[in-house]
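As a plain string of letters, each chain reads:
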Amino acid sequence: MSSLLSGRRAIITGAASGFGRAMAHIFAQAGADVVGTDLNQDGLAETQALLADDGLPFEALEHDVTSPASWNTVIETAFQNGPCDILVNNAGVAKLQRFGEMSLETFQSVCNVNILGPFAGTKLFVEQVRAAAGEAPARASIVNITSIAAKKSLPVFTAYGPSKAGLANLTKALAVELGLKGDFIRVNAVAPGPVRTPMTEAAADLPWEERDHSLVKAIPIARYGEIEEVAKAALYLASDRAKFVTGHTIPVDGGWGDI
Ligand SMILES: NC(=O)c1ccc[n+]([C@@H]2O[C@H](COP(=O)([O-])OP(=O)(O)OC[C@H]3O[C@@H](n4cnc5c(N)ncnc54)[C@H](O)[C@@H]3O)[C@@H](O)[C@H]2O)c1
């Protein structure tokens with residue numbers, strides 16, 4: 001695994017915690033130059049310190065994925081030190097609420113982060129990848145982090161589920177379009193099942209230990225996922241091991257998604 005991404009440069013959004021931090025670590029271990037972005041500056045600094053402990057470089061950029069201007073800065077900065085060829089759209093918010101309680105503004109704010117953000121960033125990323133390739137075919141891999149919520153629903157997935165289903169479908173639409181251009185721009189997704197991260201920690205009032213974890217009984221591999229299990233699926237999709245794979249979603253959900 002050590003050289004799976006050598007010579008590659010990756011932008012990972014939401015790199016201040018959870019999956020984003022783990023992907024930054026594992027991608028850098030695999031040889032990539034990683035540009036990690038997030039709203040959360042303190043978290044990004046922690047990610048940077050974690051990688052530095054292992055002697056791995058990490059460029060941290062403040063970023064709001066809902067802002068096209070912020071994306072402009074990120075893409076420009078990331079391409080300044082050479083072409084980038086991996087984009088991981090990982091930043092996300094859950095805001096779990098029932099339909100009756102959810103305002104239009106909350107619905108829109110979830111969609112802004114989870115689907116508008118990846119759309120806006122991918123657009124600028126692909127333009128830059130093509131510009132950097134010149135006359136040669138452009139090569140890149142885009143990995144979207146969707147969710148089991150794109151397929152399976154719970155009452156509180158009012159906005160989260162549709163936003164992730166939209167991102168899953170955008171993955172397919174872009175794979176078709178970018179594959180038709182004679183380029184080698186692949187677009188895939190990872191759909192995690194439930195994993196303990198700051199997002200799921202914050203999703204209910206009770207501390208993790210005091211929660212009713214009966215949800216795992218519905219999962220064939222009856223446990224929560226591990227953060228690294230999700231990060232390794234993204235690593236595979238980003239790498240040339242997946243060079244004939246596009247338009248697909250890899251579920252990392254203990255078998256829950258399709259039963
Ligand atoms: N943890 C799970 O069980 C689970 C399951 C399925 C999918 N996911 C998805 O995985 C991704 C990562 O989630 P996580 O569990 O690691 O949660 P997390 O909360 O640890 O990480 C999400 C990161 O996104 C950042 N972020 C939020 N809004 C942003 C914005 N507007 N601009 C830039 N950054 C922003 C946050 O600051 C945070 O660092 C999300 O897209 C989430 O929906 C998580």
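Everything below is about the structure shown above.
Residues numbered from 1 in each chain as written. Predicted model: local features only at pLDDT ≥ 70, side-chain atom pairs only at ≥ 80, totals over all residues. Heavy atoms only, no water.

S.K.: Quick question: what am I supposed to make of the side chain of T122 here?
M.R.: Looking at where T122 falls in the secondary structure, it is placed in helix α4 (residues 104–133). Beyond its immediate sequence surroundings of up to four residues, T122 is in contact with L87, N89, I142 and L174. (Helix = DSSP H or I, 4+ residues; strand = E, 2+ residues; numbered from the N terminus. Contact = heavy atoms within 4.5 Å.)

S.K.: Looking at this structure, I do not really get the pattern of salt bridges. What am I missing?
M.R.: A pair can form between side chains of opposite charge whenever their charged atoms are brought close. On inspection of all chains with the given rule, the structure shows 9 salt bridges. Between R130 and D183 there is a salt bridge, with its nearest N and O atoms 2.7 Å apart. Placement of R130 in helix α4 and of D183 in the loop between α5 (160–180) and β6 (184–192) is noted, with a sequence separation of 53 residues between them. Residues E209 and R196 are paired through a salt bridge, measuring 3.3 Å at the closest nitrogen-oxygen approach. (Salt bridge = Lys/Arg side-chain N within 4 Å of Asp/Glu carboxyl O.)

S.K.: What is the right way to read the site of the ligand from this model?
M.R.: In the vicinity of the ligand, 30 residues are found, and the nearest of them are S17, D38, N90, Y160 and T197. Side-chain polar atom of Y160 to an oxygen atom of the ligand: 2.6 Å apart, as the coordinates give it. Within the side chain of K164, one N or O atom sits 2.8 Å away from an oxygen atom of the ligand. Protein chains shield 92% of the accessible area of the ligand, which is 820 Å² for the free molecule. Spatially, the ligand is embedded in the largest pocket. Of all the elements in the fold, those that place two or more residues in the shell around the ligand are α1 (18–29), α5 and α6 (198–201). Ranked by the residues each element gives to the shell around the ligand, the list is headed by α6, at 3 residues. Broken down by class, the residue content of the shell around the ligand amounts to 14 nonpolar, 13 polar and 3 charged. (Near = heavy atom within 4 Å. Polar contact = N/O pair within 3.5 Å; in protein donor to acceptor, adjacent residues only side chain to side chain. Areas by Shrake-Rupley, 256 points an atom, 1.4 Å probe, with all protein chains shown as cover. 1 Å grid on protein atoms, 1.4 Å probe; cavity = no way out; pocket = protein on both sides within 12 Å on 5 of 7 lines; lining within 4 Å. Sits in = over half its atoms within 2 Å of the grid points. Nonpolar A, V, L, I, M, F, W, Y, C, P; charged D, E, K, R; others polar.)

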